[in-house]
Amino acid sequence: MACSLTLAGRGVACKDALGGVKRAYIANWTDGIWEDIASGEVAGSTAAITFYTYDMTKGSGSLTQTITSDIAAGTIFYDQALSLTFAKMAAADITELQNISKGRMAVMVEDNNGNWFVLGHKHGVEVSGGTVQTGTAVGDQNGFTLEFNAQEVAPAPFLDVTAGEPTDTDITITAAP
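Bear in mind that the values here come from a model prediction, so they are computed numbers and not experimental data.

Turning our eyes to something else, we now look at the environment of Leu119. Topologically, Leu119 is positioned in strand E8 (residues 116-119). In this structure the C-alpha to C-alpha distance between Leu119 and Ala13, which are 106 residues apart in sequence, comes to 24 Å. Sequence-distant contacts of Leu119, that is, excluding residues within four places in its chain, are made with Leu63, Gln80, Leu82, Val107, Val109, Val125 and Ala156.

Structure (structure tokens):
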């Protein structure tokens, strides 16, 4: 059976975008937490949910989505990889690392252009690896990096935001300590 494609084309965009992640927002995962994707965007959550803020320093976070297609199997999926690096270890970070690494999460990412993305829309996000390091030289990284991963049938959709905050009032954001 042939697929019906709706194409529109795309012109050259202005050179006014910035790379990098400004903040990540993490919550406990619940199946069906997100509304359906419509025109590349999610309006919000299906129930009340509280996200915790993880602020990023400049150049310390990235979101990469890789398209994987297998013609023989007839499959395609989008691997959503989020890498976050946090400077300066503290005792509380050890517990936070353990808790984040244990289970599935709901994750929103705010990039440096004010765009918000919903990772793991249908299946959630899990930590797939990371490092904790003290560094060797005095100028080396002292802190930790976490690698998050989700695999979905669609790229991470945008989240509907108004004035830099989620439009959906069911989404509560707790500021970073």
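Following the structure, the description resumes.
With that settled, the discussion passes to the sheet that holds strand E6 (residues 75-87). Ordered by their spatial adjacency, 4 strands build an open sheet running E5-E6-E10-E9, and the pairing between neighbours is antiparallel. In the strand order of this sheet, the two ends are held by strand E5 (61-70) and strand E9 (126-133), each with one partner. On average, each strand axis in the sheet is tilted by 15° relative to the strand beside it, whichever way the strands run.

Tallied over the full model, the rule gives 4 salt bridges. For Asp55, the salt bridge goes to Arg23, with nearest N and O atoms at 2.9 Å. Here Asp55, found in strand E4 (residues 49-55), pairs with Arg23, found in strand E1 (residues 21-28); they are 32 residues apart in sequence, far enough to count as distant. Look at Asp55 and you get partly exposed, because its relative accessible area is 43%. With a relative accessible area of 25%, Arg23 lands in the partly exposed category. Taking the shortest distance from any N to any O, the salt bridge between Asp31 and Arg104 comes out at 3.7 Å. On the criterion of sequence distance, the pair formed by Asp31 in the loop between E1 and strand E2 (37-38) and Arg104 in the loop between helix H1 (91-102) and strand E7 (105-111) is long-range, its members being 73 residues apart.

Definitions and limits used
- Residues numbered from 1 in each chain as written.
- Predicted model: local features only at pLDDT ≥ 70, side-chain atom pairs only at ≥ 80, totals over all residues.
- Heavy atoms only, no water.
- Helix = DSSP H or I, 4+ residues; strand = E, 2+ residues; numbered from the N terminus.
- Contact = heavy atoms within 4.5 Å.
- Pairing = 2+ DSSP bridges.
- Axes fitted to C-alpha atoms, helices over the stretch in contact; angles between N-to-C directions.
- Salt bridge = Lys/Arg side-chain N within 4 Å of Asp/Glu carboxyl O.
- Buried < 20%, exposed > 50% of the residue type's maximum accessible area, 1.4 Å probe, protein only.

Structural measurements only, silent on function.
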